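# Structural description and commentary
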Amino acid sequence: FRRVLFRSMVVVPLALFLAYLLRYGGQVGTGLIRPTPWAPLVVVLAALVAWLCLYELIPLDCFSEGWHLPTAVCRIVVATAIQMGVVLAIAYFHNLFYSRLVLAYFAILFCVLVLLTRAVAYGVLRMRHRAGKTRRVVVIGEGRVARELVYRMRRRPELLFEVVGLLNPWIQSGNHQGGDSA
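Residues numbered from 1 in each chain as written. Predicted model: local features only at pLDDT ≥ 70, side-chain atom pairs only at ≥ 80, totals over all residues. Heavy atoms only, no water.

### Some thoughts on the packing of aromatic side chains
- Tallied over the full model, the rule gives four aromatic pairs.
- Judged by centre distance (5.8 Å) and plane angle (20°), the rings of Y20 and Y24 are stacked. Here Y20 and its partner Y24 are both found in helix 1 (residues 2–24), four residues apart, which amounts to about one turn of the helix.
- A relative accessible area of 2% means that Y20 is categorised as buried.
- With relative accessibility at 16%, the residue Y24 sits in the buried group. (Phe/Tyr/Trp six-rings, centres within 6.5 Å; stacked < 30°, edge-to-face > 60°. Helix = DSSP H or I, 4+ residues; strand = E, 2+ residues; numbered from the N terminus. Buried < 20%, exposed > 50% of the residue type's maximum accessible area, 1.4 Å probe, protein only.)

Shown next as structure tokens:
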């Protein structure tokens, strides 16, 4: 889900700007150039690189294993904490000093905005499912593998698949394995 990753990347500078806005109010311009004019750029780049690396290690799209809100919240909170650790380490090594309040606001806003984008994406997908804008799918096969495939397709709303049934071509018609015999 490349769109989810792109939205997360857009959220980084937005969250930092909002954090500066919350901290400095109408004096955002002076807050952005303290202590150095390029300091916010370092934070954005460090946060972006950290998030990209974490995105490869942790399923942060929140859809790849099925949508489950508590799991999504836990993953994003943990990833944001790791991301902030990377940002703080890079700021420390470059002797950049930030307002702790700006960094706290940034972490909270980033986490909330990322979760919000995931929830909106999930809501849009659910609306498309309810509106019937899905692909109807028949799974061919039987047994545990077929049931697992059906389960996984139903747990992944971004696929927009509606499983309408299982088809087993190896059972001949009229060859029932039930208790219908007389």
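### Overview of the nonpolar core
- One finds V12, L16, W51, Y98, F106 and F110 to be the most contacted residues of the largest nonpolar core, which totals 45 residues.
- Of all elements in the fold, only helix 1, helix 3 (39–57), helix 4 (69–93) and helix 5 (100–130) reach the threshold of two or more residues within this core.
- With twelve residues, helix 5 is the single largest residue contributor to this core.
- Not counting residues up to four positions away in its chain, the partners in contact with W51 are L5, S8, M9, L60, A79, T80, Q83, F110, V114 and R118.
- In terms of nonpolar packing, the next biggest core, distinct from the first, is built from six residues, V137, V150, M153 and V163 among them. (Core = buried A, V, L, I, M, F, W, Y, C linked by side-chain atoms within 4.5 Å. Contact = heavy atoms within 4.5 Å.)

### Focus on helix 1
- The terminal C-alpha atoms of helix 1 lie 34 Å apart, and with 23 residues this matches the ideal 33 Å at 1.5 Å per residue to within 8%.
- For helix 1, the principal kink sits at V11 and spans about 25°; a proline, P13, occurs within the next four residues.
- Residue G25 follows helix 1 closely and has a positive phi angle near 60°. (Expected span 1.5 Å × (residues − 1). Bend = angle between axes of the 7 residues up to and from the residue.)

### Digging into the confidence of the model for the chain
- Looking at the chain as a whole, its pLDDT mean stands at 80, while 84% of the residues score no less than 70.
- Mean pLDDT across the secondary structure elements of the chain bottoms out at helix 2 (residues 28–33), with 61, and peaks at helix 4, with 90.
- Considering only residues more than four positions removed or in separate chains, one finds that residues 178–182, a stretch of pLDDT under 50, has zero contacts. (pLDDT = per-residue confidence, 0-100.)

### A short note on a nonpolar patch on the surface
- The grouping of L116, V120, V124 and M127 at the surface amounts to a nonpolar patch, some 380 Å² of accessible area in total.
- Summarising the element assignment, V124 is placed in helix 5.
- On the basis of relative accessible area, V124 is assigned to the partly exposed category, the value being 40%. (Patch = residues over 30% accessible without salt bridge, like charges linked within 9 Å, V, L, I, M, F, W, Y side chains within 5 Å. Areas by Shrake-Rupley, 256 points an atom, 1.4 Å probe, with all protein chains shown as cover. Salt bridge = Lys/Arg side-chain N within 4 Å of Asp/Glu carboxyl O.)

### Regarding a positive patch on the surface
- Together, R3, R7, R128, K133 and R135 make up a positively charged patch on the protein surface.
- The residue R135 is located in strand 1 (residues 135–140) in this model. (Lys, Arg positive; Asp, Glu negative; His and termini not counted. Charge placed at Lys NZ, Arg CZ, Asp CG, Glu CD.)

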